[in-house]
Amino acid sequence: MSRAYTGGCACGAIRYEITAEPLVMNDCQCRDCQHKSGTGHGSYLTFADKRSVKLEGEAKHWDIVGDTGNVKTRAFCPTCGSPVYLTFSAMPDLFTVHAGSLDDPSRYKPQMVTYSVRGHAWDHIDPALPKFDKMPPA
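To start, this report covers the structure provided alongside it.

Reading the values: rules and limits
- In every chain, residue numbers begin from 1 and rise along the written sequence.
- With pLDDT at 70 or above as the cut-off, local features in this predicted model cover only qualifying residues; side-chain atom pairs require 80 or more to be listed or tallied, and sums for whole chains, interfaces and linings still use all residues.
- As a rule here, side-chain values cover all heavy atoms of the structure and leave hydrogens and water aside.
- Within this document, salt bridges are pairs made up of a side-chain nitrogen of Lys or Arg and a carboxyl oxygen of Asp or Glu, the two lying within 4 Å of each other.
- To qualify as a helix, a DSSP run of H or I must reach at least 4 residues; to qualify as a strand, a run of E must reach at least 2; elements of each kind are numbered from the N terminus.
- The cut-offs for exposure are 20% and 50% of the maximum accessible area for each residue type, with area from a 1.4 Å probe on protein chains only; residues under the lower value are buried, those over the upper are exposed, and the others partly exposed.
- Under the pairing criterion, centres of Phe, Tyr and Trp rings, with the six-membered ring standing for Trp, must be within 6.5 Å; the plane angle then separates stacked pairs below 30 degrees from edge-to-face pairs above 60, leaving the rest tilted.
- Remark: nonpolar core denotes a set of buried residues (Ala, Val, Leu, Ile, Met, Phe, Trp, Tyr, Cys) joined through side-chain atoms within 4.5 Å.
- We call two residues contacting when some pair of their heavy atoms lies within 4.5 Å.
- Every definition here rests on a 1 Å grid over the protein atoms only: cavities are sets of points where a 1.4 Å probe fits but cannot get out, pockets are open sets enclosed by protein on both sides within 12 Å along at least five of seven lines, and lining residues have some atom within 4 Å of a point.
- Grid points are joined across faces, edges and corners, and a volume is the space filled by probe spheres set on the points.
- Polar here means any residue outside two lists: the nonpolar Ala, Val, Leu, Ile, Met, Phe, Trp, Tyr, Cys and Pro, and the charged Asp, Glu, Lys and Arg; Gly therefore counts as polar.
- At least two DSSP bridges between two strands are needed for those strands to be called paired.
- Every axis corresponds to a line fitted to the C-alpha atoms, with the helix fit spanning only the stretch in contact, and the corresponding angles, defined between N-to-C directions, vary from 0 to 180 degrees.

Take the pattern of salt bridges next. Side-chain pairs of opposite charge can arise whenever the charged atoms involved come near each other. Taken as a whole and assessed by the stated rule, the structure comprises six salt bridges. Salt-bridge contacts for Asp 103 lead to Arg 15; the nearest nitrogen and oxygen are separated by 2.6 Å. With Asp 103 in the loop between strand E9 (91-98) and strand E10 (112-114) and Arg 15 in strand E2 (residues 15-18), this pair connects stretches of sequence that are 88 residues apart. We classify Asp 103 as partly exposed; its relative accessible area is 45%.

Spelled out as structure tokens, the structure:
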């Protein structure tokens with residue numbers, strides 16, 4: 001790995017440093033991500049082992065049950081409200097950060113679109129990306 005992925009919330013109260021490469025980078029068009037982002041999709045980097053994550057600051061958490069029944073825990077800053085990361089009850093080792101929370105957002109390179117079946121015509125995503133109606137096969 002060349003350098004750690006670093007980032008955090010808008011006010012700096014929550015910070016992370018991840019010393020691994022992402023397992024996947026994706027744009028998700030599910031309704032939860034639309035609601036969370038206030039737009040047509042969310043953009044994420046998912047890391048395979050949260051032991052590679054150094055996390056500072058106290059996030060507020062809330063749970064939502066996804067289409068598959070999996071519980072997603074969203075973490076956001078209680079001071080500025082910025083969404084920072086997600087964890088998943090069914091996959092407890094994964095750690096997912098919001099692309100916009102990166103110190104260097106240019107490091108985000110989407111590889112696929114998930115839940116494209118929920119996408120909107122006005123949400124223009126790179127047409128060359130592989131699209132999955134739901135989550136891709138494991």
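Right, picking up where we left off after that structure.
Enumeration according to the criterion identifies two aromatic pairs in this entry. When the ring of Tyr 5 is compared with that of Phe 47, the centres are 5.6 Å apart and the planes differ by 65°; the resulting orientation is edge-to-face. With a gap of 42 residues between them, Tyr 5 in strand E1 (residues 5-8) and Phe 47 in strand E4 (residues 42-47) connect regions that are remote in the sequence. Comparing Tyr 5 with Phe 47, the two get one shared label, buried. Taking the centre distance of 4.8 Å and the plane angle of 25° together, the rings of Tyr 85 and Phe 95 count as stacked. On the criterion of sequence distance, the pair formed by Tyr 85 in strand E8 (residues 83-88) and Phe 95 in strand E9 is long-range, its members being 10 residues apart.

It is worth spelling out the nonpolar core at this point. Most often, soluble globular proteins keep nonpolar side chains buried together rather than apart. The biggest cluster of nonpolar side chains holds 19 residues, and the ones touching the most others in it are Tyr 5, Ile 18, Leu 45, Tyr 85 and Val 97. Of all elements in the fold, only E2, E4, E8 and E9 reach the threshold of two or more residues within this core. Setting aside anything within four residues of it in sequence, one finds Tyr 5 in contact with Tyr 16, Glu 17, Ile 18, Ala 20, Glu 21, Pro 22, Met 25, Leu 45, Phe 47, Leu 102 and Arg 107. Judged by nonpolar contacts, the second largest core, of eight residues, contains Cys 28, Cys 33, Leu 86 and Phe 88.

Over the atoms, a rolling probe the size of a water molecule traces out where space has been left empty. The space that makes up the largest pocket amounts to roughly 720 Å³. Lining the largest pocket are 31 residues, and of these Asn 70, Phe 88, Met 91, Tyr 115 and Met 135 sit closest to its centre. Sorting the residues of the lining of the largest pocket by element identifies strand E3 (24-28), helix H1 (31-37), E4, strand E6 (60-65), strand E7 (71-76), E8, E9 and E10 as the ones contributing at least two each. Along the lines of polarity and charge, the residues of the lining of the largest pocket split into 18 nonpolar, seven polar and six charged.

Attention shifts here to the sheet that holds E3. Strand order across the open sheet formed by seven strands is E6-E7-E8-E9-E4-E3-E10, with mixed pairing between neighbours. Looking at which strands have only one partner, the edges of the open sheet turn out to be E6 and E10. Shown here is a sheet whose adjacent strand axes are inclined to one another by a mean of 30°, direction ignored. Direction of pairing for E7 relative to E8: antiparallel, over a ladder of five bridges. For Thr 73, the partnering residue across the bridge sits in E8 and is Thr 87.

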